[in-house]
Amino acid sequence: MDGKYVPAEQGVISVRTHGFAYGTGCFEGIRGYWNEDTRQVYLFRLREHYERLLHSCKILRIELPYSVDDLIESSAELVRRNEQKEDVYLRPVAYKGDEIIGVRLNNLTDQYLLTSEPMGNYVEIGGLRCGVSSWRRIDDNAMPARAKITGSYVNAAFAKTEALQNGLDEAIMLTHDGHVSEGSAENIFLLIDGELVTPPPSDNILLGITRDTVMQLAKRELGLTVRERSIDRTELYTAEEILLCGTGAQIAPVVEVDHSPIGTGKVGPVAQKLQDIYFDVVRGRRPEYLDWCTPVYA
Ligand SMILES: Cc1ncc(COP(=O)(O)O)c(C=O)c1O
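Rules behind the numbers
- Residues numbered from 1 in each chain as written.
- Predicted model: local features only at pLDDT ≥ 70, side-chain atom pairs only at ≥ 80, totals over all residues.
- Heavy atoms only, no water.
- Near = heavy atom within 4 Å.
- Polar contact = N/O pair within 3.5 Å; in protein donor to acceptor, adjacent residues only side chain to side chain.
- Nonpolar A, V, L, I, M, F, W, Y, C, P; charged D, E, K, R; others polar.
- 1 Å grid on protein atoms, 1.4 Å probe; cavity = no way out; pocket = protein on both sides within 12 Å on 5 of 7 lines; lining within 4 Å.
- Points joined across faces, edges and corners; volume = space filled by probe spheres on them.
- Helix = DSSP H or I, 4+ residues; strand = E, 2+ residues; numbered from the N terminus.
- Buried < 20%, exposed > 50% of the residue type's maximum accessible area, 1.4 Å probe, protein only.
- Pairing = 2+ DSSP bridges.
- Expected span 1.5 Å × (residues − 1).
- Contact = heavy atoms within 4.5 Å.
- Phe/Tyr/Trp six-rings, centres within 6.5 Å; stacked < 30°, edge-to-face > 60°.
- Lys NZ or Arg CZ within 6 Å of the ring centre and 35° of its normal.

A. View of the site of the ligand. Close contacts around the ligand come from 15 residues, with Tyr153, Glu182, Ile209, Thr210 and Thr247 the closest. In the model, an oxygen atom of the ligand is placed 3.2 Å from a nitrogen or oxygen of the Lys148 side chain. Here an oxygen atom of the ligand and a side-chain polar atom of Thr247 are 2.5 Å apart. Split by residue class, the shell around the ligand holds 4 nonpolar, 6 polar and 5 charged.

Here it is as structure tokens:
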């Protein structure tokens, strides 16, 4: 927390904190995977996560006194100090720390904290039932989705709550002009005519690091064509396969949208293959992708 390692009980902020009252913070969600064979925790695509954090900071006018390399090093150090030899989830948060009343971003104090905790699956990975949300995805000109802003997760929470209360697992949100955007905390891919299709950055998505991983693995490992283009709602119903992906969700195949089965209504072969490869890659079992995995223990 602000350059010091402190016990969790001491990692507290004031109830008057700007970031708490107004959502003026940004964060990352990073996974570390325990590999029993090498007795190592691998932090996945740390550099990309911290580069994105600094982009979010730029948008929120937060200036951190740390470089990407500093942030990478403190992440590995935190897991070491916690002596975590298991799957973990790291959450760095950069936020406006002033205890004042007044909505703005300029002339405020920027603070930083990082936590690391054990983490299992975030959503079902054996076949998700989804619904198109009645909540629209936040728009770039209102609250930019490409920045991972704490306050904007209220939009995600509305959509996710509606899905859960409707008896579903996850929401799929549309943009204001009705194109498919993303899940509450996941990017989306559709298999259409044997090609993997995903919404472009301009459809108000968070530019996911897992999304980039899926694009690279699909091309390199499965020889698939990957297209970024706007997707109409009804293409969800006719897609051969659908998957959601994200650091939390990992690779989560979708078997149903709005009570309509996707493809055969079972996990499709492409999503299954991508999920299998992904889990090997993140656990450091694929030497050719070890560049993406930062080992925590020497
Ligand atoms: C809204 C949203 N979209 C997409 C993602 C996936 O991003 P990433 O793969 O970088 O975790 C996340 C979060 O993890 C998210 O919160």
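B. Representation of empty space enclosed by the protein in the model. Across all of its chains, the model carries 2 cavities of 30 Å³ or more by this definition. In this model, the largest cavity occupies a volume close to 50 Å³. Every residue along the wall of the largest cavity is listed here: Arg31, Tyr33, Phe44, His49, Ile209, Thr210, Thr213, Thr247 and Tyr278. Sorting elements by how many residues they give to the lining of the largest cavity places helix H5 (residues 209-222) first, with 3 residues. For the lining of the largest cavity, the per-class residue count stands at 4 nonpolar, 4 polar and 1 charged.

C. Here's a closer look at the pairing of strand E13 (residues 250-257). Counting buried positions over the 8 residues of E13 gives 8, a clear majority of the element. Pairing between strand E6 (residues 128-136) and E13: 3 bridges, direction parallel. The residue bridging Arg129 from the neighbouring strand is Glu256, located in E13. Here strand E12 (residues 241-246) pairs with E13 via 5 bridges, running antiparallel. Directly across from Cys245, in E13, lies its bridge partner Ile251. Once E12 ends, the chain turns through 3 residues before running back antiparallel as E13. Following E13, the chain reverses through 2 residues before pairing antiparallel with strand E14 (residues 260-261); Asp258 in that reversal takes a positive phi of roughly 50°.

D. Structural context of helix H3 (residues 68-81). For H3, with 14 residues, the first-to-last C-alpha span of 20 Å sits near the 20 Å given by 1.5 Å per residue. Contact partners of the buried residues in H3: strand E3 (40-44), helix H2 (46-59), strand E4 (88-96) and strand E5 (110-118). Backbone geometry just after H3 places Glu83 at a positive phi near 50°.

E. Representation of H5 within the structure. Look at H5: 19 Å from first C-alpha to last across 14 residues, which is about the 20 Å you get at 1.5 Å a residue. Along H5, the positions that sit buried rather than exposed are Ile209, Thr210, Arg211, Thr213, Val214, Met215, Leu217 and Ala218. In the stretch just after H5, Gly223 is the one whose phi turns positive, near 65°.

F. Local environment of the packing of aromatic side chains. The full count for this structure, using the stated rule, is 7 aromatic pairs. Centroid distance Trp135 to Phe158: 4.1 Å. Interplanar angle 5°. Geometry classified as stacked. Taken together, the residues span a long stretch of sequence, with Trp135 in strand E6 and Phe158 in helix H4 (residues 153-165) at a distance of 23 residues. For Trp135, a relative accessible area of 34% corresponds to the partly exposed category. One aromatic cluster is present, built from ring pairs that chain together Phe44, Tyr278, Phe279, Tyr289 and Trp292. When the ring centre of Tyr5 is taken as reference, the NZ or CZ atom of Arg81 above it lies at 4.1 Å.

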